[in-house]
Amino acid sequence: MIQFRDVSKKFGDEISILDKVSFSIDKGSFAFLIGNTGSGKTTIFRLIIRDLFPTEGNIVIDDLDVTNLPKNKVPHLRRKVGTVFQDLKLLMDRTVIENVILPLELSGFREKEAKDKAVEVLINVGLEGKLDKFPLQLSGGERQRVAIARALVFNPEIILADEPTGNLDLQTSFQILDLLESINKKGTTVFMATHNERIIEKTDKKVMLIEKGSIVEKNNKKEVKHAS
Ligand SMILES: Nc1ncnc2c1ncn2[C@@H]1O[C@H](COP(=O)(O)OP(=O)(O)O)[C@@H](O)[C@H]1O
Ligand SMILES: [Mg+2]
C-alpha cells in the first residue's frame, strides 16, 4: 500500500506543486496518475522513492515511513519499488542485457546470478531476441520494455511507471499497457502516470487526477458500461 498523508511539496518559496495531498493505493492494485505536463506526476514518483523530500506530510509504503527512513534503508526502499523513469535512463553504450545486469551487480549479485536474473526478466517482457542489441538499435516500445525489465530485477512489490507510453504510437502504447497489466496480475502493484487520455478513457481502474496541487479520484467505470 502506498499512502500520502497531507503531503505538500514546494520547490523554493514560490512554486507549490502539491498542497496537502492525501491518497492511498491498495496493495496489488493498478492505478493511473493523470494530469497535464508540469502538474506534478514525476514529483509524486520522486517523493515515493525518496529522490525528493516532501515539504510537509508523510509518505508511507506498507510498513516503511519513507519520509523518515534512515538513509541506509533507501536502497531497500528502491528494491521494493521499481521505477520506470520518464526518460528511461538507459545506458546507450551498453547492451540490453548489460543494462539490466548492472543494478544487480551494483547491489552485490554474482555475475552468474545477475545474468540469469536479467535473462529471466528480459524474457518476461518479450525481449528474448534482443539481449545483445544496444538501445539505439531498438524501437521505442522495445526500449520501454528494457526499462520495465530493469525495474523488475529485484522482484519489486510496486512498479512506478512514469509515462511509459509517452513517445509511442497508440498500438504500441496498448502493448506496453498489456505488459504492465500482466505484471500486475502476478501481484505487483502498478502505479502509472500518463497524460494520454486514450489510455484511460475506457479503464475500470482507479484514476487519480492531479491538478493545481490537488488530487481527485476519477472513476469512469459506469461510463464504460454505457458505452459498450
Ligand atoms: N527540482 C525542481 N526545481 C524547481 N521546480 C521543479 C523541480 N522539479 C520539478 N519542478 C517543477 O514542478 C512542476 C511539476 O513537475 P513534474 O512533477 O515533472 O510534472 P509532470 O511530471 O506532471 O510533467 C513543473 O512545473 C516543474 O517545472
Ligand atoms: Mg513527468
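Above this text you will find the structure in question.
In this report, the structure presented in the accompanying data block is examined. All values reported here derive from a predicted model rather than from experimental measurement.

### Examining the nonpolar core
Move 1: Phe32, Val100, Leu122, Val125, Ile148, Leu180 and Met192 are the most contacted members of the largest nonpolar core, which has 40 residues in total.
Move 2: Tallying contributions element by element places helix α5 (residues 140-152) first for this core, with six residues.
Move 3: Not counting chain neighbours up to four residues away, the residues in contact with Val100 comprise Ala118, Val121, Leu122, Val146, Ala149, Arg150 and Val153.
Move 4: Ranked by size, the runner-up nonpolar core spans 31 residues in total, among them Leu33, Phe45, Val81 and Phe191.

### Description of the sheet that holds strand β9 (residues 206-211)
Move 1: Taken in spatial order, the six strands make up an open sheet running β6-β7-β8-β3-β9-β10, and their pairing is mixed. The outermost strands of the open sheet, each flanked by one partner alone, are β6 (81-84) and β10 (214-218). Across this sheet, the average inter-strand angle for adjacent strands is 20°, counted without regard to direction.
Move 2: Taken together, the four bridges between β6 and strand β7 (residues 158-162) define a ladder with parallel strand orientation. In the sheet register, Thr83 faces β7, and the bridge partner there is Leu160.

### Quick look at the packing of aromatic side chains
Move 1: Under the criterion given, the structure shown has five aromatic pairs.
Move 2: Seen from their ring centres, Phe30 and Phe32 are 5.2 Å apart, and the 50° between their planes marks the pair as tilted. Phe32 matches Phe30 in its accessibility class, with the two residues each being buried.
Move 3: Ring centres of Phe109 and Phe154 lie 6.2 Å apart, and the angle between their planes is 55°; on these two criteria the pair is classed as tilted. Linking Phe109 in the loop between α3 (96-106) and α4 (111-124) with Phe154 in the loop between α5 and β7, this pair joins segments that are 45 residues apart in sequence.
Move 4: By relative accessible area, Phe154 is classed as partly exposed at 23%.
Move 5: Three or more aromatic residues link up through ring pairs in this structure, and these residues are Phe4, Phe23, Phe45 and Phe191.
Move 6: Taking the ring centre of Phe85 as reference, the NZ or CZ of Lys89 above it sits at 5.2 Å.
Move 7: Cation over ring: Lys205 sits above Phe30, and NZ or CZ is 4.9 Å from the ring centre.

### Looking at the sheet that holds strand β2 (residues 15-25)
Move 1: Reading across the sheet, the four strands line up as β2-β1-β4-β5 and stay open at both edges, with antiparallel pairing between neighbours. In this open sheet, the two edge strands, each paired with only one partner strand, are β2 and β5 (64-65).
Move 2: Bridge count between strand β1 (residues 2-11) and β2: seven bridges; the pairing is antiparallel. Looking across to β2, one finds that Phe4 is bridged to Phe23.
Move 3: Against the sheet, helix α1 (residues 41-48) makes contact with β1, β2 and β4 (56-61), and its axis sits at roughly 115° relative to β1, the strand it touches most.

### Side note on the coordination of the magnesium ion (ligand 2)
Move 1: The coordination sphere of the magnesium ion (ligand 2) contains the protein donors Thr42 (OG1) and Gln86 (OE1), at a distance range of 2.0 to 2.3 Å. In this pair, Thr42 sits in helix α1 while Gln86 sits in the loop between β6 and α3, placing the two residues 44 residues apart along the sequence.
Move 2: According to the relative accessible area criterion, Thr42 is partly exposed, its value standing at 29%.
Move 3: With a relative accessible area of 40%, Gln86 lands in the partly exposed category.

### Some thoughts on the site of ligand 1
Move 1: Around ligand 1 sit Phe11, Ile17, Asn36, Thr37, Gly38, Ser39, Gly40, Lys41, Thr42 and Thr43, and that is every residue in its neighbourhood.
Move 2: Interatomic distance of 3.3 Å between a backbone N/O atom of Ser39 and an oxygen atom of ligand 1.
Move 3: Note that an oxygen atom of ligand 1 is positioned 2.8 Å from one of the side-chain N or O atoms of Thr42.
Move 4: Alone, ligand 1 offers 560 Å² of accessible surface; in the complex the protein occludes 62% of this.

Conventions adopted
- Residues numbered from 1 in each chain as written.
- Chains lettered and ligands numbered in written order.
- Predicted model: local features only at pLDDT ≥ 70, side-chain atom pairs only at ≥ 80, totals over all residues.
- Heavy atoms only, no water.
- Core = buried A, V, L, I, M, F, W, Y, C linked by side-chain atoms within 4.5 Å.
- Buried < 20%, exposed > 50% of the residue type's maximum accessible area, 1.4 Å probe, protein only.
- Helix = DSSP H or I, 4+ residues; strand = E, 2+ residues; numbered from the N terminus.
- Contact = heavy atoms within 4.5 Å.
- Pairing = 2+ DSSP bridges.
- Axes fitted to C-alpha atoms, helices over the stretch in contact; angles between N-to-C directions.
- Phe/Tyr/Trp six-rings, centres within 6.5 Å; stacked < 30°, edge-to-face > 60°.
- Lys NZ or Arg CZ within 6 Å of the ring centre and 35° of its normal.
- Donors = N, O, S within 2.8 Å, 3.2 Å for Na, K, Ca; no water.
- Near = heavy atom within 4 Å.
- Polar contact = N/O pair within 3.5 Å; in protein donor to acceptor, adjacent residues only side chain to side chain.
- Areas by Shrake-Rupley, 256 points an atom, 1.4 Å probe, with all protein chains shown as cover.

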